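Notes for the structure review
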Amino acid sequence: MKKIYLILLILTGYFSLNTANAQTCAPDPLAVAQGPGIYPDSATNFVSGTVGVAYNQNITVVVPADTQLLPSPFPATPFDSIHMVSMLNLPPGLTYMCNGTSTPASLCTWLGGTIGCSAIYGTPTTAGTYTLNITVNVYVGGSTTPVPQNINYYKILINPAVGIQENAAVGF
C-alpha cells in the first residue's frame, strides 16, 4: 500500500511540474476593447529579447464577424475563419503556440467573431533583428477557397547576452 502512495505522489509531482512549465497565452483585454485586428499592432511591434534570457510575447487575435468586400449597398460578407499556416524566421531558440480552440488540429484557427491568442516563447540563442514571416489563410463568405495573406512587418530584436566585465586589477 505504501508503494502505491509513493507512486501516486511521484506522478502528482511530475504532472504538477509539467503543468506549471507549460506555455499558455491569454488575449489582452485592452486589445479586445479596441476591436478587430492583431495586437500588438505593427507600430508597437514585439518586445525585445536578450540571448540566454527567457522570452515571451503574447499575440491577441480579434477576428471580425464580417467584412465589407463590396461597396455599399451590398451587404457585409461574414468571416468564416482565419487560420495561421506558419510563422517563419523566428529567432533561434524561440517557437510559437496557439490557443484559441479546443481541438489540437485547429489550435491556430480562429472563427469569425471570436477572440484568440498565440504566444512566441523560448530562450533566444543568437542576437540580431528578425523580421517574421507569418502566413494566414482567410476564409470569408462560406468559401472553401482561402485568401492567403502574408504578414511580414513584425520584428523581434534579440540583444547580445549581458556579460559581466571584470576590471583589471590596479597595482599599488
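Coordinates for the structure precede this section.
A brief structural summary. (Residues numbered from 1 in each chain as written. Predicted model: local features only at pLDDT ≥ 70, side-chain atom pairs only at ≥ 80, totals over all residues. Heavy atoms only, no water.)

To continue, consider unusual backbone geometry. Following Y39, the chain continues into P40 via a peptide bond in cis, with omega recorded as 5°. Within the secondary structure layout, P40 lies in the loop between strand 1 (37–39) and strand 2 (49–50). For N45, which is not glycine, the phi torsion reads 65° and is therefore positive. You can see N45 is positioned in the loop between strand 1 and strand 2. A positive phi angle, near 70°, is found at N89, a position not held by glycine. (Helix = DSSP H or I, 4+ residues; strand = E, 2+ residues; numbered from the N terminus.)

For the rest of this paragraph, the subject is the packing of aromatic side chains. Inspection of the entire model under this criterion finds two aromatic pairs. Aromatic side chains Y153 and Y154 sit 5.0 Å apart centroid to centroid with 45° between the ring planes, which places their arrangement in the tilted category. (Phe/Tyr/Trp six-rings, centres within 6.5 Å; stacked < 30°, edge-to-face > 60°.)

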